[in-house]
Amino acid sequence: MMESKLQENDHKGGWDNCTFQYLFQKLDEEVKELTTCISEEKAIQEAAGVANIAMMIADRARKALSQR
């Protein structure tokens, strides 16, 4: 599901140029969407969105550490 969600947004480009502030804002939005799910199917989709944004934050942090 995570890969499927990423592919849906391929047209937006990657996250390498996203600021941490932007990614944390998106994570907050995704968590809020997850907490309002009324079906298991929607919860799976929204949880994948949360996981993807968290992965993007981790990836940006790893790259920032490697540049030190």
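Here, the structure is the one placed above.
As the structure is a computational prediction, the values presented were derived from the model and not from experiment.

Parameters and conventions
- Throughout this description, residue numbers start from 1 for each chain and increase along the sequence as written.
- Confidence filtering applies because this is a predicted model: local features only for residues at pLDDT of at least 70, side-chain atom pairs given and counted only at 80 or more, and all residues used for totals across whole chains, interfaces and linings.
- Heavy atoms from the whole structure form the basis of all side-chain values; hydrogens and water molecules are not counted.
- One side-chain nitrogen of Lys or Arg within 4 Å of one carboxyl oxygen of Asp or Glu is enough to make a salt bridge.
- Helical segments are the DSSP runs of H or I of at least four residues, strand segments are the runs of E of at least two, and each set is numbered from the N terminus.
- For each residue, the accessible area found with a 1.4 Å probe, counting protein chains only, is set against the maximum for its type, and the residue is called buried under 20%, exposed over 50%, and partly exposed in between.
- A helix's residues, less one, multiplied by 1.5 Å, set its expected span.
- Taking the helix axis as origin, the arc is that swept by the directions to the C-beta atoms.
- The definition of a polar contact used here is a pair of N or O atoms within 3.5 Å, where within protein one atom must be able to donate a hydrogen and the other to accept one, and adjacent residues in sequence count solely through side-chain atom pairs.
- For this analysis, a nonpolar core means a set of buried residues of the types Ala, Val, Leu, Ile, Met, Phe, Trp, Tyr and Cys, connected via side-chain atoms within 4.5 Å.
- Only heavy atoms enter the contact rule, under which two residues are in contact if any of them lie within 4.5 Å.

1. Examining the pattern of salt bridges
Phase 1: Taken as a whole and assessed by the stated rule, the structure comprises 6 salt bridges.
Phase 2: With its nearest N and O atoms 2.7 Å apart, the salt bridge here joins D16 to K63. Taken together, the residues span a long stretch of sequence, with D16 in the loop between α1 (2–8) and α2 (20–35) and K63 in helix α3 (residues 40–66) at a distance of 47 residues.
Phase 3: Taking the relative accessible area as the measure of exposure, D16 reaches 43% and is therefore partly exposed.

2. What about α2?
Phase 1: Look at α2: 22 Å from first C-alpha to last across 16 residues, which is about the 22 Å you get at 1.5 Å a residue.
Phase 2: Restricting attention to buried positions, one finds in α2 the residues L23, L27 and E30. Burial along α2 is one-sided: seen end-on, the buried residues are contained in an arc of 65 degrees. Exposed residues pointing more than 90 degrees away from the buried face of α2 are listed as Q21, K32 and T35.

3. Some thoughts on the environment of T35
Phase 1: If you trace the backbone, T35 turns up in helix α2.
Phase 2: As for T35 and M56, which are separated by 21 residues in sequence, their C-alpha atoms are 21 Å apart.
Phase 3: At 2.8 Å, the side chain of T35 and the backbone oxygen of K32 are in polar contact.

4. A closer look at the nonpolar core
Phase 1: The biggest cluster of nonpolar side chains holds 8 residues, and these are L6, C18, L23, L27, V50, I53, M56 and I57.
Phase 2: At the level of elements, α2 and α3 are the ones that each hand at least two residues to this core.
Phase 3: Ranked by residues supplied to this core, first place goes to α3 with 4 residues.
Phase 4: Leaving out residues up to four positions away in the same chain, I57 has contacts with F20, L23, F24 and L27.

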